[in-house]
Amino acid sequence: MSVCPVQEILQPLQSLRLIDPHTHINPHQAASRTLADILGYHYYTELAHSAGLAKERIEEPGLDPREKVRRLVPWLQRLENTAQYSWLLEMSQQLFGFEADRITEANWESLYDASLKCMSAPDWEQQVLQKSGLDQVYLTNDFDDRLQGFDTSFYVPCLRTDDLVFHLAKPTVQQRLQGATGISVTDAPSLRDALGRLFEHFVAGNARACAISLPPSFTPASVSAVVASGLVLKAFSGAELTGEEQSRLSQFVFWMLAEFCDQHQLPFDLMIGVNRRVYEQGVYQGQDLFDSRVSLVQYRELFNAFPGVVFPVSVLAETSNQELVSFAWIFPNVITCGHWWYSNIPVYIERDTRARLQAVPATKQVGYYSDMYKLEFALPKFAMYRRILAKVLAEDFVGGRGWSVERAVDLGKQVLRGNVESIFGGLSAGGL
Amino acid sequence: MSVCPVQEILQPLQSLRLIDPHTHINPHQAASRTLADILGYHYYTELAHSAGLAKERIEEPGLDPREKVRRLVPWLQRLENTAQYSWLLEMSQQLFGFEADRITEANWESLYDASLKCMSAPDWEQQVLQKSGLDQVYLTNDFDDRLQGFDTSFYVPCLRTDDLVFHLAKPTVQQRLQGATGISVTDAPSLRDALGRLFEHFVAGNARACAISLPPSFTPASVSAVVASGLVLKAFSGAELTGEEQSRLSQFVFWMLAEFCDQHQLPFDLMIGVNRRVYEQGVYQGQDLFDSRVSLVQYRELFNAFPGVVFPVSVLAETSNQELVSFAWIFPNVITCGHWWYSNIPVYIERDTRARLQAVPATKQVGYYSDMYKLEFALPKFAMYRRILAKVLAEDFVGGRGWSVERAVDLGKQVLRGNVESIFGGLSAGGL
Amino acid sequence: MSVCPVQEILQPLQSLRLIDPHTHINPHQAASRTLADILGYHYYTELAHSAGLAKERIEEPGLDPREKVRRLVPWLQRLENTAQYSWLLEMSQQLFGFEADRITEANWESLYDASLKCMSAPDWEQQVLQKSGLDQVYLTNDFDDRLQGFDTSFYVPCLRTDDLVFHLAKPTVQQRLQGATGISVTDAPSLRDALGRLFEHFVAGNARACAISLPPSFTPASVSAVVASGLVLKAFSGAELTGEEQSRLSQFVFWMLAEFCDQHQLPFDLMIGVNRRVYEQGVYQGQDLFDSRVSLVQYRELFNAFPGVVFPVSVLAETSNQELVSFAWIFPNVITCGHWWYSNIPVYIERDTRARLQAVPATKQVGYYSDMYKLEFALPKFAMYRRILAKVLAEDFVGGRGWSVERAVDLGKQVLRGNVESIFGGLSAGGL
């Protein structure tokens with residue numbers, strides 16, 4: 001076998017400018033203000049807590065940022081082996097000029113100060129975007145987000161719908177819905193009016209996707225109008241729903257969202273498999289896990305009912321990836337999308353990337369998204385993905401199939417960026 | 001680590017002549033007549049459809065073969081990354097003298113014409129068999145196949161039983177059963193007589209296996225004579241069965257098949273895990289998927305009850321492979337068999353092969369079958385498998401265990417061919 | 001990519017002395033007496049049986065050891081490909097001076113005689129321990145083990161509790177419990193007293209863990225005192241429990257064990273996923289298999305309820321490894337532990353090791369245990385693991401992350417030995 005030209009493939013992928021199709025960026029404060037914003041990312045707090053740090057030490061109200069970092073740093077030594085730590089280190093080296101290969105109790109303050117200096121620059125946000133090569137950043141917006149005060153052609157809105165589907169019976173959610181739409185929901189028709197208003201608002205605000213995360217137990221289904229009508233009436237009258245009623249209501253609302261996606265030609269991002277609050281005493285955002293006993297067969301009725309809706313699907317369990325590959329191979333409206341959360345470590349990314357490139361049409365794969373909360377994370381996360389992608393392209397396509405480096409690079413570019421544009425609309429308008 | 005002698009191992013494996021132990025070849029028309037027979041293979045139609053081609057464009061009644069290919073070709077560009085496309089390309093190069101590395105709108109007609117010229121040769125079938133190194137090809141025969149008009153010592157019959165187990169309540173199946181056996185089934189004893197007649201017919205026709213594909217929900221179980229008797233009476237009286245009754249009837253018929261396999265010393269190929277018609281609007285043969293929530297523990301009663309029946313087991317989900325390996329490691333009558341359908345891509349074949357070679361007795365592994373509908377596919381599919389097998393043997397056995405190349409090649413030959421003969425009977429008679 | 005310094009990393013790992021944190025060693029007869037003790041290990045008898053050897057041939061009462069080996073040897077040829085066989089060969093070469101690379105009908109007697117000579121030496125046990133580099137060996141003790149007549153600071157006791165949790169309704173288990181504790185159990189309080197007595201006995205006897213293997217269907221839960229009380233009364237009155245009652249009783253006893261682990265600061269080893277007696281006609285200890293449809297979410301209530309108990313978790317199905325990684329990443333009290341049984345082959349060890357090193361804090365990983373019944377197996381089993389660990393460290397950390405060899409070796413040592421000491425107490429006292 002010839003030498004694998006990983007570096008030759010990696011270089012053009014590294015210089016490719018990107019669109020990040022799924023993040024949790026707050027467009028009003030996109031970049032970090034101190035290192036505490038970085039180390040406060042749940043990937044670090046939950047790992048430090050798992051390694052022994054008491055939750056109270058870092059969730060103390062009013063905790064000073066520098067003090068928070070001081071308390072976290074001693075625990076980093078136990079995490080140096082993790083991929084998550086490697087993001088922190090690469091980011092510190094690339095963005096803050098950090099030169100050591102470990103962040104220790106002896107050197108963290110210099111890193112803190114150096115990063116603070118960077119972050120204090122008035123154009124820090126632009127610097128990060130420039131160094132990260134980002135042309136667009138997709139957001140995750142609450143349904144009652146006003147979508148004002150930021151450039152929606154750069155920070156592209158995305159309508160996140162977990163609250164509507166799973167928490168609509170809560171008074172706070174109902175109040176937020178009324179506040180956002182001006183519609184006082186009482187029954188199924190007025191609920192439809194309200195949701196329609198949300199879609200109009202988001203589409204007018206340049207939204208490019210509707211999105212939701214789903215527990216392993218969820219199975220989409222259409223619900224008869226009669227049943228649905230009764231459930232909506234009950235939920236909005238303030239009565240408590242049984243578990244079964246809540247499930248049916250969730251199915252009804254979810255199905256209606258798919259109808260609106262169809263009507264507005266919005267892709268519907270499905271993030272399948274998360275169990276919320278499994279570790280109830282965990283740190284903020286570090287409480288969720290999953291159950292690998294889930295199947296995309298649960299989505300069969302949905303995928304059949306909405307051939308006109310594009311479903312970019314993320315799966316949380318790596319054991320679900322072959323199903324995702326196979327469903328995307330068969331269903332025209334199913335797209336493989338990124339490497340989500342617990343599957344976002346090299347060993348799983350590599351294998352899942354390999355399977356997708358071997359069996360899903362090249363046009364139907366969104367390679368990666370950062371899922372970041374702060375802009376600084378795009379750089380190291382995409383760097384990790386680009387290295388793995390280059391390795392797979394070199395081994396499987398140049399080595400295994402005799403492709404030229406140029407052709408392998410083209411496939412990499414399509415998966416990294418081209419498909420994001422064709423599937424979500426990208427910088428210009430356009431469909432799949 | 002020393003240089004891995006992949007090529008040294010691959011060469012003798014490539015020149016080994018083969019028996020293909022599972023195909024869907026029509027022995028009356030085994031080779032393709034035009035390139036439309038090749039591109040009409042569901043692997044291409046379903047991927048092209050998934051990538052955007054409307055089903056109606058290629059399933060139009062009376063569509064001319066050349067026109068069908070013309071409509072498919074533009075979509076191939078989106079599939080060039082897939083393993084399935086690599087089979088098409090390797091076949092075109094090896095069998096039809098195609099010299100380009102892509103099939104495009106600019107060059108497809110020359111390929112069409114070149115392949116047509118090849119296929120028009122009166123001895124094309126023999127040419128393909130010779131170039132593919134095939135000594136025998138196992139078939140998949142409907143239970144009412146007359147098994148006449150072809151050489152059953154080359155095209156070896158196999159009794160496929162899906163219809164009997166899952167569709168026996170349908171009038172058409174009952175009529176076919178009566179037509180094939182001359183027995184008018186009314187109750188359990190006459191059903192047993194009819195199935196016995198089928199087995200006698202197939203065994204007399206040189207059948208070497210009984211086979212069935214099974215949904216994830218199926219659990220074999222023996223059914224009491226009283227219950228079974230009532231179900232058969234009901235099914236053959238034309239009354240509609242409930243879902244539960246259908247399940248019990250399926251179990252009853254399946255169990256009887258195992259009894260006949262025992263009596264006739266026929267291996268019973270179990271292909272476990274397919275959900276039929278998940279995508280109902282899909283192209284022909286491109287509608288089935290799977291649910292990875294299945295376990296071989298469901299087959300525990302069967303494997304215990306029939307120690308004298310050899311069960312070559314294929315699993316559809318790669319997540320089932322470790323169970324298959326472990327069951328074959330423990331149960332004397334469980335054989336690992338091939339790499340089926342959605343698991344038949346390099347990333348899964350490699351890992352599954354590795355696990356099987358590391359933990360299942362060498363005598364209990366059937367390495368590969370093509371599952372082909374047209375003879376031309378054996379060459380590229382087996383070529384893919386041979387390359388992966390050589391890689392695993394080189395890395396794990398020569399590199400990792402210090403074996404000689406010769407010894408590694410012997411293991412490869414056993415898995416590729418030797419075991420097919422010892423398990424199914426091969427060219428000569430014989431048992432495990 | 002630079003040359004991967006696997007050998008450089010492997011060497012210091014090979015010379016590291018070990019603590020084996022889980023075995024089935026009988027401390028009164030720790031080493032083998034004849035080669036029949038080696039070949040009688042279920043890994044060989046079950047594989048030989050699976051390959052065709054009749055169970056009766058090797059389970060004949062009063063069978064002479066040499067004759068037993070004579071009957072097994074001809075079947076070894078079919079198993080030469082397996083990892084299990086490679087342990088046998090490496091052990092024979094390293095411990096008995098065997099020089100051939102296959103054990104055959106022609107040379108087995110010389111191996112038998114050579115090993116017999118070794119094993120007959122009065123200090124053979126010490127020789128094996130020395131050559132294997134073992135500083136401590138953890139046991140698996142029945143709850144009524146007197147823990148006398150051996151050095152518990154070397155052969156460290158571990159309280160195995162399967163019988164208590166799953167078979168407490170059996171008269172023999174109840175009698176053993178009374179015999180061990182002197183307490184006549186009649187109700188829940190006296191059961192608690194008896195279990196408390198067991199824990200005191202084991203802790204006084206230097207036990208460092210409580211352990212249990214669990215079927216895929218088991219879900220820990222607290223049981224109300226009223227319900228529990230009725231169940232214990234019924235079970236100890238000799239009445240037969242329903243399946244549902246047995247399940248609740250199992251949950252009750254299991255939960256009480258966790259409470260005692262909490263009280264005594266004992267780690268609770270959970271070995272999750274085994275189905276017992278799936279192949280009922282199998283050889284001794286060769287009847288168990290698994291069902292990959294299991295989730296650690298089933299343990300959510302337990303992990304939340306006992307934050308003070310350390311749970312080293314082993315999973316039987318490789319498909320459970322990502323859940324284990326993720327739960328250990330989130331829950332402070334969940335530890336990844338070894339590579340169990342059907343997952344203890346190189347292909348799975350490598351991938352699981354990779355995932356754990358990439359995503360679980362370095363302090364929370366117990367790399368390996370031998371699970372051996374005879375001392376001779378530690379050497380080849382740990383050798384296999386060390387080679388894989390060195391490969392992963394070289395590729396992922398030195399190659400992929402730019403670590404120095406020294407730093408990679410340190411991580412390897414921590415996983416191989418350091419964590420065993422910090423988690424279980426090791427040679428000195430101490431907690432996590």
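Residues numbered from 1 in each chain as written. Chains lettered and ligands numbered in written order. Predicted model: local features only at pLDDT ≥ 70, side-chain atom pairs only at ≥ 80, totals over all residues. Heavy atoms only, no water.

## Describing the overall build of chain A
Thought 1: Scanning chain A from N- to C-terminus turns up 18 helices and eleven strands.
Thought 2: Relative to a compact globule of 432 residues, whose C-alpha radius of gyration would be 22 Å, chain A shows 22 Å and is just as compact.
Thought 3: Expressed along its principal axes, the backbone C-alpha trace of chain A runs to roughly 65 × 60 × 40 Å.
Thought 4: Expressed as a percentage of the 432 residues in chain A, the buried residues total 63%.
Thought 5: Here the analysis covers contacts within chain A between residues at least 6 apart in sequence; of these, 75% occur between residues at least 24 apart.
Thought 6: Each charge class in chain A was averaged separately, 38 positive and 49 negative side chains, and the resulting centres sit 1 Å apart. (Helix = DSSP H or I, 4+ residues; strand = E, 2+ residues; numbered from the N terminus. Rg over C-alpha atoms; globule rule 2.2 N^0.38 Å. Buried < 20%, exposed > 50% of the residue type's maximum accessible area, 1.4 Å probe, protein only. Contact = heavy atoms within 4.5 Å. Lys, Arg positive; Asp, Glu negative; His and termini not counted. Charge placed at Lys NZ, Arg CZ, Asp CG, Glu CD.)

## Examining the interface of chain C and chain B
Thought 1: Contacts between chain C and chain B engage 43 residues on the former and 36 residues on the latter.
Thought 2: Note on chain C versus chain B: buried area summed over both sides is about 3,300 Å², and carbon and sulfur give 55% of it.
Thought 3: Taken as a group, Ser50, Asn81 and Arg293 of chain C account for 20% of the area that chain C buries against chain B, more than any other trio of residues on that side.
Thought 4: For Glu80 of chain C, the salt bridge identified is with Arg407 of chain B, shortest N-O distance 2.9 Å.
Thought 5: Applying the counting rule to chain C against chain B returns 24 residue pairs in polar contact (both at pLDDT 80 or more).
Thought 6: For the side of chain C that touches chain B, the element with the highest residue contribution is helix H3 (residues 42–50) of chain C, accounting for five residues.
Thought 7: Residue composition of the side of chain C that touches chain B, by class: 18 nonpolar, twelve polar and 13 charged. (Buried area = accessible area lost by both parts, 1.4 Å probe. Salt bridge = Lys/Arg side-chain N within 4 Å of Asp/Glu carboxyl O. Polar contact = N/O pair within 3.5 Å; in protein donor to acceptor, adjacent residues only side chain to side chain. Nonpolar A, V, L, I, M, F, W, Y, C, P; charged D, E, K, R; others polar.)

## Some details on the sheet that holds strand S2 (residues 134–138) of chain A
Residue and element names in this part refer to chain A.
Thought 1: With parallel pairing, the three strands of this open sheet are ordered in space as S1-S2-S3. In the strand order of this sheet, the two ends are held by strand S1 (18–20) and strand S3 (155–156), each with one partner.
Thought 2: Looking at chain direction, S2 and S3 are connected through two bridges and run parallel. Bridge assignment links Val137 to a residue of S3, and that residue is Tyr155.
Thought 3: Running at roughly 110 degrees to S2, helix H8 (residues 124–132) makes contact with S1, S2 and S3 of the sheet. (Pairing = 2+ DSSP bridges. Axes fitted to C-alpha atoms, helices over the stretch in contact; angles between N-to-C directions.)

## Some points on the pairing of strand S5 (residues 209–214) of chain B
On a regular strand, one side chain projects to one face of the sheet and the next to the other, so that they alternate.
Residue and element names in this part refer to chain B.
Thought 1: When you tally the buried positions in S5, you get six out of six residues, the bulk of the element.
Thought 2: The two faces of S5 match: Ala209, Ala211 and Ser213 on one face and Cys210, Ile212 and Leu214 on the other face are all buried.
Thought 3: One ladder, built from three bridges, connects strand S4 (residues 158–160) with S5; its direction is parallel. Bridge pairing links Leu159 to Cys210 in S5.

## Overview of the packing of helix H6 (residues 83–96) of chain A against helix H7 (residues 108–120) of chain A
Residues and elements named next belong to chain A.
Thought 1: Two numbers describe how H6 lies on H7: the axes approach to 10 Å, and their chain directions differ by 55 degrees. When the interaxial angle is binned, H6 and H7 end up oblique. Read as a crossing pair, H6 and H7 show a hand that is left-handed. Across from Ser92, Leu95 and Phe96 in H6, the residues of H7 making contact are Leu111, Ala114, Ser115, Cys118 and Met119.
Thought 2: When the residues that make up the contact of H6 with H7 are grouped by side-chain class, the tally is six nonpolar, two polar and no charged. (Parallel < 35°, antiparallel > 145°, perpendicular 65-115°, else oblique. Left-handed = near helix turned anticlockwise from the far one by under 90°.)

## Things to note about the relation of the copies chain A and chain C
Thought 1: Taken as rigid bodies, chain A and chain C are interconverted by a rotation of 120 degrees and an axial shift of 0.0 Å, the fit giving an RMSD of 0.0 Å. Accordingly, the operation relating the two chain copies is best matched by a three-fold axis.
Thought 2: A different interface surface on each copy is seen, since only 7% of the contact residues of chain A are contact residues in chain C too. (Least-squares fit on C-alpha atoms with pLDDT ≥ 70 in both.)

## Side note on the sheet that holds strand S5 (residues 209–214) of chain C
All names here are of chain C.
Thought 1: Ordered in space as S4-S5-S6-S9-S10-S11, the six strands form an open sheet in which the pairing is parallel. Each having just a single partner strand, strand S4 (158–160) and strand S11 (365–366) make up the two edges of the open sheet.
Thought 2: In terms of strand pairing, strand S10 (residues 334–337) meets S11 through two bridges, oriented parallel. Bridged to Thr336 within S11 is Gln365.

## Some remarks on the side chain of Ser92 of chain C
All names here are of chain C.
Thought 1: In this fold, Ser92 is placed in helix H6 (residues 83–96).
Thought 2: For Ser92, a relative accessible area of 0% corresponds to the buried category.
Thought 3: Once you skip the residues sitting within four places of it in the chain, Ser92 turns out to touch Gly97, Phe98, Ile103 and Leu111.

## With respect to helix H8 (residues 124–132) of chain C
Residue and element names in this part refer to chain C.
Thought 1: Residues Trp124, Val128, Leu129 and Ser132 constitute the buried set of H8. Mapping the buried residues of H8 onto a view down its axis gives an arc of 140 degrees, with all of them on the same face.
Thought 2: Contact partners of the buried residues in H8: strand S1 (18–20), H6, helix H7 (108–120), strand S2 (134–138), strand S3 (155–156) and helix H17 (378–399).
Thought 3: A positive phi of about 70 degrees marks Gly133, the residue just after H8. (Arc of directions from axis to C-beta.)

## Remarks on the packing of aromatic side chains
Thought 1: A complete count under the given rule lists 90 aromatic pairs over all chains for this structure.
Thought 2: Ring centres 6.0 Å apart and planes at 45 degrees place the aromatic pair Trp329 of chain B and Tyr43 of chain C in the tilted group. Note that Trp329 of chain B is positioned in helix H15 (residues 321–330) and Tyr43 of chain C in helix H3, a pairing that runs across two chains.
Thought 3: Trp329 of chain B gets classed as buried once you look at its relative accessible area, which sits at 0%.
Thought 4: Judged by relative accessible area, Tyr43 of chain C falls into the buried class, the value being 2%.
Thought 5: One aromatic cluster is present, built from ring pairs that chain together Tyr41, Tyr43, Tyr44, Trp87, Phe290, Trp340, Trp341, Tyr342, Tyr373 and Phe377 of chain A together with Trp329 of chain C.
Thought 6: For the cation-ring pair, Arg407 of chain A lies above Trp403 of chain A, with the distance from its terminal atom to the ring centre recorded as 4.0 Å. (Phe/Tyr/Trp six-rings, centres within 6.5 Å; stacked < 30°, edge-to-face > 60°. Lys NZ or Arg CZ within 6 Å of the ring centre and 35° of its normal.)

## A few points about unusual backbone geometry
Excluding glycine, residues mostly have negative phi values, and the peptide bonds linking residues are mostly trans.
Thought 1: Even without a glycine there, the phi angle at Asp371 of chain A is positive, about 60 degrees.
Thought 2: The backbone of Trp341 of chain C sits at a positive phi, close to 55 degrees, despite the residue not being glycine.
Thought 3: Residue position: Trp341 of chain C is located in the loop between S10 and helix H16 (346–359).
Thought 4: With a relative accessible area of 9%, Trp341 of chain C lands in the buried category.

## Some thoughts on the interface of chain A and chain C
How big an interface is tends to be reported as the loss of accessible area on association of its parts.
Thought 1: Contacts between the two partners involve 43 residues from chain A, matched on the other side by 36 residues from chain C.
Thought 2: Both sides together, the interface formed by chain A and chain C hides about 3,300 Å², and carbon and sulfur atoms give 55% of it.
Thought 3: Of all residues in chain A, Ser50, Asn81 and Arg293 of chain A bury the most surface against chain C, accounting for 20% of the area lost on that side.
Thought 4: For the interface between chain A and chain C, the tally reads three salt bridges.
Thought 5: Among the ionic pairs, Glu318 of chain A bridges to Arg351 of chain C, the shortest N-O distance being 2.9 Å.
Thought 6: At the boundary of chain A with chain C, the tally comes to 24 residue pairs in polar contact (both at pLDDT 80 or more).
Thought 7: For the side of chain A that touches chain C, the elements supplying multiple residues, two or more each, are helix H3 (42–50), H6, strand S8 (289–290) and helix H16 (346–359) of chain A.
Thought 8: Top element by residues in the side of chain A that touches chain C is H3 of chain A. It accounts for five residues.
Thought 9: A class-by-class count of the residues in the side of chain A that touches chain C yields 18 nonpolar, twelve polar and 13 charged.

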